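# Descriptive analysis of the structure
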Amino acid sequence: LLQRVVRRADPTRRGPAVGAVGSSPVEPSKHRVALVFGGRSGEHSISCLSAGSILTAIDRSKFEVVPVGITRAGTWRIMPDDPEGLRIIDGSLPEVTEPTSPADRLILSPDPNIGGLLVGDGAVIGIDVVFPVLHGAYGEDGTIQGLCELADLPYVGPGVASSAICMDKILTKNVLAAVGLPIGPYVGVTDQTWTSERESVIEAAAALGLPLFVKPARGGSSLGISKVEELSALEPAIEEARRYDHRVIVERGLVGARELECGVLAGSVGGPAEVSVCAEIEVTGPHDFYDFQAKYLDGSARITVPADITADQHSRVVAIAQRAFAALGCEGMARIDLFLLEDGTVLINEPNTIPGFTSTSMFPAVWAASGVDYQQLIERLLTDAIAQGASALS
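The sections below set out a description of the structure shown in this document. All chains use their own residue numbering, which begins from 1 and follows the written sequence. A pLDDT threshold of at least 70 governs which residues receive local features in this predicted model, and a stricter bar of 80 or more applies before side-chain atom pairs are shown or counted, although totals over entire chains, interfaces and linings include all residues. Excluded from the side-chain calculations are hydrogens and water; all other atoms, namely the structure's heavy atoms, are used.

## Let's talk about helix 3 (residues 160–167)
The line we're drawing: Throughout this description, buried means an accessible area under 20% of the type-specific maximum (1.4 Å probe, protein chains only), exposed means over 50%, and partly exposed covers the range between. Every helix listed is a DSSP run of H or I at least four residues long, and every strand listed is a run of E at least two residues long, numbered separately from the N terminus. The criterion used for residue contact is that any of the two residues' heavy atoms lie within 4.5 Å.
Every buried residue of helix 3 is listed here: S162, S163, I165, C166 and M167. Buried residues along helix 3 sit in contact with helix 2 (143–151), helix 4 (169–178) and strand 16 (346–352).

See below:
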């Protein structure tokens, strides 16, 4: 996987801000951040919640923020710098609405000579770094990373290839298996195999043993996931997952496994990645697994930070998380989700290259428990991205 070369952001990129961010150039001591959120995926509202938390916590003495919302239809617009508008209010999730004025519309220009955002009225907002918190498709899958590469703008998180691989659970498993990292049994279901080899797919999935978990291969926030405890429910579960993605993964349910998560940050140049303390998730109440409702809405999941595991178990989790981060070509950050089996075996579940940044999200929580508070975490990610710069293929 291609790695980025170190290149510092060009300070001459900073242009006059317009609209919601004022009309004067950014202060020399500050970097201007395009915080991009919302988007076309099913995780639109969770992305908005993450952005609201970042707007609240970011150090305004060091960073000027341009909030950039993307509607569900894909329209880019300037948003108010107002965290309160990006909260759950009376049970309603936040959403990026369509702009009412051409002056509110904008795009991130792929032209590296522009160096920022083009506003609908023709003005330019110069940008030093992009912080995408677009969970799921069209954000976590290498697409916005590719746009930033075209624009020659630094951005937070892994690059194009790594983002695309980590977003696709089938490709992720293939890569991890190829380098000998521990994963659970799985079957990948593509559009072609489901259309032409359905019976063979069902037979291979059934051979994994019950229970099974059926997931969209490129989904997140537990959307479209089903737990299958009878083989008669397998085909409907695959069809349900295909509503979200035509690539589907079927995994053996690991009975008795403990769910662990840890945060990973890129280390210094040439050094290993840094891994936070581990957290454990235990689902309580009426839920069979850690689904969307349990994650975000009803608080029925119990989260223990740090996880109650032995020092030896923690050391093995850290080592495996570091190896996974490197094998998948990750940069900047990732959350690595793992299973601890009853016999002490550690298996990788999946990586998340743009993990949740809400006030209750695991990634900031495990780093806070590791001595890096939310504001420090944001600053480190941004300053590291600026120092590293955009990739160069030449």
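This is not the end of the story, as more comes after the structure.
## A few points about the packing of helix 6 (residues 198–206) against helix 7 (residues 234–242)
Applicable threshold: Helix axes are fitted to C-alpha atoms over the stretch in contact, other axes to C-alpha atoms as well, and angles between N-to-C directions run from 0 to 180 degrees. Reported orientations rely on four angle classes, namely roughly parallel under 35 degrees, roughly antiparallel over 145, roughly perpendicular from 65 to 115, and oblique for the rest. Think of it as three bins: nonpolar holds Ala, Val, Leu, Ile, Met, Phe, Trp, Tyr, Cys and Pro, charged holds Asp, Glu, Lys and Arg, and polar takes everything else, Gly as well.
Their axes nearest at 11 Å, the elements helix 6 and helix 7 cross at an angle of 110°. By the angle between their axes, helix 6 is roughly perpendicular relative to helix 7. On the side of helix 6, the interface is formed by R198, I202, A205 and A206, while helix 7 contributes L234, E235 and E239. Each residue belonging to the contact of helix 6 with helix 7 can be placed in one class, and the counts come to four nonpolar, no polar and three charged.

## Focus on the pattern of salt bridges
Note on pairing: side chains with opposite charge can pair once their charged atoms come close. Put simply, the test is: For this document, the term salt bridge refers to a Lys or Arg side-chain nitrogen within 4 Å of an Asp or Glu carboxyl oxygen.
Enumeration over the complete set of coordinates arrives at 22 salt bridges. Close ionic contact of E379 with K62 constitutes a salt bridge, the shortest N to O distance being 2.8 Å. Here K62 lies in the loop between helix 1 (44–57) and strand 2 (63–70) and E379 lies in helix 11 (residues 374–388), a separation of 317 residues in the sequence. For E379, a relative accessible area of 21% corresponds to the partly exposed category. Among the residues examined, K62 registers a relative accessible area of 34% and is labelled partly exposed.

## Quick notes on the sheet that holds strand 4 (residues 106–108)
The criterion, for reference: The rule for pairing is simple: two strands pair if DSSP sees at least two bridges between them.
The strand order 4-5-6 describes an open sheet built from three strands, whose pairing is antiparallel. Of all strands in the sheet, those with a lone pairing partner are strand 4 and strand 6 (124–126), marking the two edges. Averaged over all pairs of adjacent strands, the angle between strand axes in this sheet comes to 20°, irrespective of strand direction. With three bridges connecting them, strand 5 (residues 116–119) and strand 6 associate as antiparallel partners. Residue pairing in the sheet places L118 in a bridge with V124 of strand 6.

## Overview of the pairing of strand 11 (residues 248–252)
Among the five residues of strand 11, four are classified as buried, and the element is accordingly described as predominantly covered. Direction of pairing for strand 8 (residues 186–189) relative to strand 11: antiparallel, over a ladder of four bridges. Residue pairing for strand 11: G188 is matched across the bridge by I249. Across five bridges, strand 9 (residues 212–216) lies against strand 11 in antiparallel orientation. Bridge pairing in strand 11 links F213 to E251.

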